[in-house]
Each structure stands twice: as structure tokens, then as C-alpha cells.
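# Understanding the architecture of this molecule
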Amino acid sequence: RKEVEQDPGPFNVPEGATVAFNCTYSNSASQSFFWYRQDCRKEPKLLMSVYSSGNEDGRFTAQLNRASQYISLLIRDSKLSDSATYLCVVRDSSYKLIFGSGTRLLVRP
Amino acid sequence: ETGVTQSPTHLIKTRGQQVTLRCSSQSGHNTVSWYQQALGQGPQFIFQYYREEENGRGNFPPRFSGLQFPNYSSELNVNALELDDSALYLCASSWGGRAGTGELFFGEGSRLTVL
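Calculation rules
Residues numbered from 1 in each chain as written. Chains lettered and ligands numbered in written order. Predicted model: local features only at pLDDT ≥ 70, side-chain atom pairs only at ≥ 80, totals over all residues. Heavy atoms only, no water. Contact = heavy atoms within 4.5 Å. Buried area = accessible area lost by both parts, 1.4 Å probe. Salt bridge = Lys/Arg side-chain N within 4 Å of Asp/Glu carboxyl O. Polar contact = N/O pair within 3.5 Å; in protein donor to acceptor, adjacent residues only side chain to side chain. Helix = DSSP H or I, 4+ residues; strand = E, 2+ residues; numbered from the N terminus. Nonpolar A, V, L, I, M, F, W, Y, C, P; charged D, E, K, R; others polar. Pairing = 2+ DSSP bridges. Axes fitted to C-alpha atoms, helices over the stretch in contact; angles between N-to-C directions. Core = buried A, V, L, I, M, F, W, Y, C linked by side-chain atoms within 4.5 Å. Buried < 20%, exposed > 50% of the residue type's maximum accessible area, 1.4 Å probe, protein only.

## With respect to the interface of chain B and chain A
For an interface, size is often stated in terms of accessible area lost upon the parts coming together. Between chain B and chain A, the contact holds 23 residues from the first and 17 residues from the second. Both faces considered, chain B and chain A share a buried interface measuring about 1600 Å² in area, 51% of it formed by carbon and sulfur atoms. Across the contact surface, chain B and chain A share zero salt bridges. Our count for the chain B to chain A interface comes out at three residue pairs in polar contact (both at pLDDT 80 or more). For the side of chain B that touches chain A, the secondary-structure elements that each account for two or more residues are strand 4 (31–37) and strand 5 (44–50) of chain B. Of the residues assigned to the side of chain B that touches chain A, the class counts are seven nonpolar, 11 polar and five charged.

And the structure:
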């Protein structure tokens, strides 16, 4: 079983749609959680950290459920520029960052 | 622009050869991590250097080695290259080693092809 699992997609949605991605992690001792965004043939960039109480940054909302060991990302009012791969990232107890394989999002006009 | 630069951007090697990849970290950062990203996969942690010492390693064989220099720049060396080593190698700069926030600033990567 992979340490961090994501649905690879692609999720193909129209502009303006709301889309949600989930991610599960296997290590209950994991310490912190992030979503990174990676554009095609580019480097990953931090989108947002994920806090236990949930957090929002504009159109993006992240949630953490420690009991069920899953993390979610909700994108409202999708834009064409949101098309990218979204990487779920977990920091384990040895402080390593473990990346999921990513979920690909395609936003169409 | 993250301020993290990697070289070379692309290179082709043959099986059994050795390769050295270089990374200059962002100003003010004292930690460098290296990741391997195969096509269609997420980045896989190779190792991390903090203040010139390795302070974390992933599941990679000893033929993957590294260095960090006093100016916090870093090298990744891979010996006895195998076909499966073909990947994008990403360097990530951060501050604070294990005590850091976990936010990484990635370079654009070095794309290695092994024939």
C-alpha cells in the first residue's frame, strides 16, 4: 500500500465548476499536510498547508480528517488556469515529505 | 521564480556511467532536499542535507550520494546508472532542516535520460 494515495484522474470539468479531490495516508503518526500544485513539465509549488480545523484561501478549501486519515481539497469556481496536477503531501514522523502521485485537473472553456 | 537553480537542465547518459547534478539554494535557506520524479509519479524523497550533513534519507541505494557545501549549494551524484534512473531530479530549498515548516521551494529540475 502506498503511503499517500490519490485518484490520478483526470478530472475534466467546465469553467465555474466546483471540484473536490481526496487523498488518504497510511501513517497515523504523520505530522503535517500540504497540497502542492505542479503544472505540466514544471516544478511543484506549494498551494496551501492543511490544518486540522480546515482552512480556506480564496477559492481553495482544504480539510483534514485525522481519524479517517484523509485530506481533501475543494476548488470553487474553477478557472482555466487551475488546470494542473495537484499533489497531496504528508510530512511523516521523521520529517520527510511524502508525495502522492497527483490528481490531474483539466478545466475546459 | 523560487531562486533555486539546477544544472544541467537536460542530460543523456548510458548505463553504468556516473552523473553529478548541481543545485543552488534560495538565499537564506540552509536545507536542501533531493527528489526523483518518474513520469506520471509524484516526487520521491532521496535525501536531505542540513548545514552540510545528511539528516534524512529515503529508500534509495548507496549509489545515490550527495554533498552540501558551506554556501548551502548541493550536489547529487549517481553512480552505475541504470535505465530506471531516467527521471526528473528536483532540488528543493528550505530553512531549518527537520524543524522547518515543510514548505519547499523547488528548482525546475534536471531531466536525466539513461540509454
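## Brief notes about the sheet that holds strand 8 (residues 74–78) of chain B
Residue and element names in this part refer to chain B. Strand order in the open sheet formed by four strands is 1-3-8-7, with antiparallel pairing between adjacent strands. Every other strand in the sheet has two partners, leaving strand 1 (5–7) and strand 7 (64–68) as the edge strands with one partner each. Adjacent strand axes in the sheet meet at a mean angle of 15° when their direction is disregarded. The sheet contact formed by strand 1 and strand 3 (residues 19–24) spans three bridges and is antiparallel. Pairing of Gln6 across the sheet is with Cys23, part of strand 3.

## Examining the nonpolar core
Residue and element names in this part refer to chain A. Grouped together as the largest cluster of nonpolar side chains are 24 residues, with contacts concentrated most on Phe21, Trp35, Ile71, Leu73, Ile75, Tyr86 and Leu105. Of all elements in the fold, only strand 3 (19–25), strand 4 (32–38), strand 5 (44–50), strand 7 (60–65), strand 8 (70–75), strand 9 (84–91) and strand 11 (103–108) reach the threshold of two or more residues within this core. Ignoring any residue separated from it by four or fewer positions in sequence, one finds Phe21 in contact with Phe11, Trp35, Ile71, Ser72, Leu73, Ile75, Tyr86, Thr103 and Leu105.

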